[in-house]
Amino acid sequence: MNKLIIFSAPSGSGKSTIVRHLLGKESLNLAFSISATSRAPRGEEQHGKEYYFLSVEEFRKRIENNDFLEWEEVYAGNFYGTLKSEVERLWGLGKTVVFDIDVVGGLRIKEQFPEQSLAIFVKPPSIKELEKRLRARQTETEEKIKMRLGKAAIELEAAPKFDVIIENDILEKALQDAENVIVNFINKQ
């Protein structure tokens, strides 16, 4: 059976760090699902590597054609989504597909593949710690930090809807917990 592993969390919880670690474990046979976006590439980002960069018009056309598993208009004219073709491509390679996705998108995918997916919520130890991590990044404006913290409070309420909640207080423990849960899921028929 083709399987999906969904990682969702508030920004700053360490979800991407955990996903990167797991993708580095060859024995798990995981592949990362590249999302599509209508925003312009940033810095060194390349089409087909970090994202599939689509124009707003193309994104809308693909929505109409039902090409997405899930999609969201994050800001006006700024779309993000998961192409069905990306998941099919990775399954065709015999991989278990991994998503690093927002809470809403993660739950939408879980809804479509209830038996084939494992939805993992990465929880920060506290909102105070989350704020500390966001500030330590030094990549966000004060306004953006406050926005992310407000969103985090809402996202934390969705945690019980996920199959597993991993608290990322001590990174090494969170990495091991994630690996154990995934191995059990992949080996389960």
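Calculation notes
Residues numbered from 1 in each chain as written. Predicted model: local features only at pLDDT ≥ 70, side-chain atom pairs only at ≥ 80, totals over all residues. Heavy atoms only, no water. UniProt positions renumbered as here; feature names shortened; annotations may be inferred. Buried < 20%, exposed > 50% of the residue type's maximum accessible area, 1.4 Å probe, protein only. Helix = DSSP H or I, 4+ residues; strand = E, 2+ residues; numbered from the N terminus. Arc of directions from axis to C-beta. Contact = heavy atoms within 4.5 Å. Pairing = 2+ DSSP bridges. Axes fitted to C-alpha atoms, helices over the stretch in contact; angles between N-to-C directions. Salt bridge = Lys/Arg side-chain N within 4 Å of Asp/Glu carboxyl O.

- Looking at an unreviewed UniProt entry, one finds the protein chain named Guanylate kinase, with Capnocytophaga canis as its source organism.
- Of the comments in the UniProt record for the protein chain, the one headed Subcellular location (unreviewed entry) reads "Cytoplasm".
- In UniProt, the protein chain has this text filed under Catalytic activity (unreviewed entry): "GMP + ATP = GDP + ADP".

Re helix α1 (residues 15-23)
Link 1 in the chain: Those residues of α1 that sit buried are Lys-15, Ile-18, Val-19 and Leu-22. Taken around the axis of α1, the buried residues stretch over an arc of 100°, which confines them to a single face.
Link 2 in the chain: Where α1 is buried, its residues contact β1 (4-8), β2 (30-32), β7 (96-100), β8 (117-123) and α7 (171-187).

Some words on the sheet that holds strand β4 (residues 51-53)
Link 1 in the chain: Strand order in the open sheet formed by four strands is β4-β3-β6-β5, with mixed pairing between adjacent strands. Both edges of this open sheet fall to β4 and β5 (68-75), since each of them pairs with a single strand only. Direction aside, the axes of adjacent strands within the sheet are offset by 25° on average.
Link 2 in the chain: Of the pairings in the sheet, the one linking strand β3 (residues 35-37) to strand β6 (residues 78-83) comprises two bridges and is antiparallel in character. Residue Thr-37 lies in a different strand from β6, and its bridge partner there is Tyr-80.

Quick word on the pattern of salt bridges
Link 1 in the chain: In this structure the tally under the stated criterion is 15 salt bridges.
Link 2 in the chain: Here Glu-155 and Lys-151 are joined by a salt bridge, their closest N and O atoms 3.8 Å apart. Note that Glu-155 and Lys-151 are positioned in helix α6 (residues 142-158) at a spacing of four residues, about one turn of the helix.
Link 3 in the chain: What emerges from the salt-bridge pattern is a single network uniting Glu-131, Arg-135, Glu-142 and Lys-146.

Describing the UniProt feature "domain: Guanylate kinase-like" (unreviewed entry) in the protein chain
Link 1 in the chain: On the UniProt side, "domain: Guanylate kinase-like" (unreviewed entry) is annotated at positions that read residues 2-183 here.
Link 2 in the chain: Across residues 2-183, the secondary structure splits into 43% helix and 24% strand, with the terminal C-alpha atoms separated by 14 Å.

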